[in-house]
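Summary of the model geometry
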Amino acid sequence: LETVSLPDTLISLGVNGFSYNYNLSFVDLGRGITTIPENSFLANIALKNISIPSQMTEIGPGAFKRSGVENIEFNKESTLRIIGYEAFYGCPISKLDAPNSLMKIGGSAFNSCLDLSKVTFQDNSALFYIGQNAFEKTDSLINIVFPSELREIDNYAFLDSGIGGEVEISANVQTIGVGAFAACHNLININVDEDNQQYLSRDGVVYTKDGAKIVAYPAGKAPGSYSIQTGTKKVGDASFYGAWNLKEVVAPMGVFDIGEYSFYSCINITSYSLPNTLSSIGQYAFAQNIALTNISIPDEVVLIGRYAFEKDNSLRTISFGEDSKLARIGYATFADCGITSFRVPSNVSTIAQNAFANCNELTNIVFAKNSKLANITAYQFDGCSNITNITFEQGSALAQIQAHGFEGMAKLTSVDFGDAQLIEIDNFAFRFCESLSTLKLPSTLINIGRFAFYNCKNLSQLNLPYGMEHIGRFAFLGTNNCNIYFESESLPLYLDENWDSGISGYYTGVLTIET
């Protein structure tokens, strides 16, 4: 199929009607249909030009997604109101002369249109909404002038676009979404009309009208440091996202919340000054800060979100005060960081899975005095193959090492449980800890799960306390012909089949064997 001419008597099309017609190069939409349905001309790579007739009111989601459309011509009497979600996603369009009737540009409508260099709105344009990611990755789009009736620029609308120089926000704009201009590396200033009731601009940086939240820092500002304005209480989500030129950021006293993605991909920042009033750090807040080497977390911080410091490869030191109120370390919070040692604050009661995943430089973990952490959960330290020492200082609440808790720590040589009242070492807990040769177990231990010490090649001896009740199957398989010494004069009541596979022998009634 190479050409399509729709009759004027046709009033509707079905979804996907002409999608994946790779040879279709000409389309006449006729004068009957008023909506181009979802995915109608999806991936029609030979289709270079399209004319939108006057009666058309909506271009549906994905209508021309990944097609070859380079030129869009709108009828001078166009009544088009909506360009839908991903309508022209990935098309090689070079310019967009939007009709005055257009009211809404949907999410990702022109996302990844890499050749789009010019977008024009007339003075009397009815446009009031630009959707999420609508112009994301429009590398060639250098400048844009928004119509006066525009009310909302949704989240990440111009993420990683080529917009440079200055952008003017009129008095009528009521919403600037999260990261609306994030990672626009050529953008220097975002100027807000003084009559705008929602936002203000300070030296080209957008704050809420009351100055309580910073909303958007242009990524193209000159290299150097930035001090957030006094009176700010919240660093908004994605407010500094992709600000590659920044070297240092100072947050004033009074800031209590750093939002999600706030400083994401600020690749040249080496220093943050965080106030003692800070209580919350959102997910991905400092992720991919590859030049950051150290950071101090104020004592009032109670929550650090998922992936907050992910892939901060140069980050060697994260410092917490003795009075830190941090209660939880979220999923993958420090994943792929360059930290060499880490002291878990005593107030931390929860560490999520993968919290330290793939921290290949990490060698030493210390759980601070009177630690509230009762459980080492699965895969907290997944991929941390270079850890050599783990220490639980006095007063630890540790009761359980769950399945896979310390698995894969190939260089682990020392675990000091202090006076922890450990009850259980669960399945696979120390599996593949190949360098572990000795381990002093707490007297409170009652359960060792299956494969708990599997392939601990250098482990030659374990002293098991008097109260042992259960040992799982193959618990010591792959050890160095380990000798097992029971303090009790009788074996534990519950021994799984093959519990003793891989050991040299076991002995009962032995109170002390030096290791």
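Analysis parameters
- Residues numbered from 1 in each chain as written.
- Predicted model: local features only at pLDDT ≥ 70, side-chain atom pairs only at ≥ 80, totals over all residues.
- Heavy atoms only, no water.
- Helix = DSSP H or I, 4+ residues; strand = E, 2+ residues; numbered from the N terminus.
- Rg over C-alpha atoms; globule rule 2.2 N^0.38 Å.
- Buried < 20%, exposed > 50% of the residue type's maximum accessible area, 1.4 Å probe, protein only.
- Contact = heavy atoms within 4.5 Å.
- Phe/Tyr/Trp six-rings, centres within 6.5 Å; stacked < 30°, edge-to-face > 60°.
- Core = buried A, V, L, I, M, F, W, Y, C linked by side-chain atoms within 4.5 Å.
- Patch = residues over 30% accessible without salt bridge, like charges linked within 9 Å, V, L, I, M, F, W, Y side chains within 5 Å.
- Areas by Shrake-Rupley, 256 points an atom, 1.4 Å probe, with all protein chains shown as cover.
- Salt bridge = Lys/Arg side-chain N within 4 Å of Asp/Glu carboxyl O.

Attention shifts here to the overall build of the protein chain. Each helix and strand counted, the protein chain has zero helices and 42 strands in total. The C-alpha atoms of the protein chain give 31 Å as radius of gyration, which overshoots the globular expectation for 515 residues (24 Å, by more than 25%). Its C-alpha atoms put the protein chain at 95 × 60 × 30 Å along the principal axes. The buried share among the 515 residues of the protein chain stands at 53%. If you take every contact in the protein chain between residues at least 6 apart in sequence, the share linking residues at least 24 apart comes to 38%.

Let's shift gears to the packing of aromatic side chains. Inspection of every chain in the model, using the stated rule, returns 47 aromatic pairs. Between Tyr 264 and Tyr 284, the aromatic rings sit 6.2 Å apart at their centres with planes inclined by 70°, giving edge-to-face as the arrangement. Separated by 20 residues along the polypeptide, Tyr 264 in the loop between β22 (257–258) and β23 (271–273) and Tyr 284 in the loop between β24 (280–281) and β25 (294–297) bring together distant segments of the chain. Taken as a pair, Tyr 264 and Tyr 284 share a single burial class, namely buried. A centroid spacing of 5.7 Å and a plane angle of 80° characterise the contact between Phe 432 and Tyr 454, whose relative ring orientation is edge-to-face. Note that Phe 432 is positioned in the loop between β36 (424–425) and β37 (447–448) and Tyr 454 in the loop between β37 and β38 (461–464), a separation of 22 residues in sequence. What makes Phe 432 partly exposed here is its relative accessible area of 31%. Given the relative accessible area of 26%, Tyr 454 is considered partly exposed.

Formed by 89 residues in total, the largest nonpolar core has its most connected members in Phe 342, Phe 356, Phe 430 and Phe 453. When residues in this core are grouped by element, the largest group, three residues, is from strand β40 (residues 482–486). The next biggest cluster of nonpolar side chains, apart from the first, holds 61 residues, and it includes Leu 6, Ile 83, Leu 102 and Val 215.

A contiguous nonpolar patch, built from Tyr 20, Tyr 22 and Ile 45 and spanning about 350 Å² of accessible area, is present on the exposed surface. Following the sequence through the fold, Tyr 20 ends up in the loop between β1 (3–5) and β2 (26–28). Accessibility expressed as a relative area gives 48% for Tyr 20, which makes it partly exposed.

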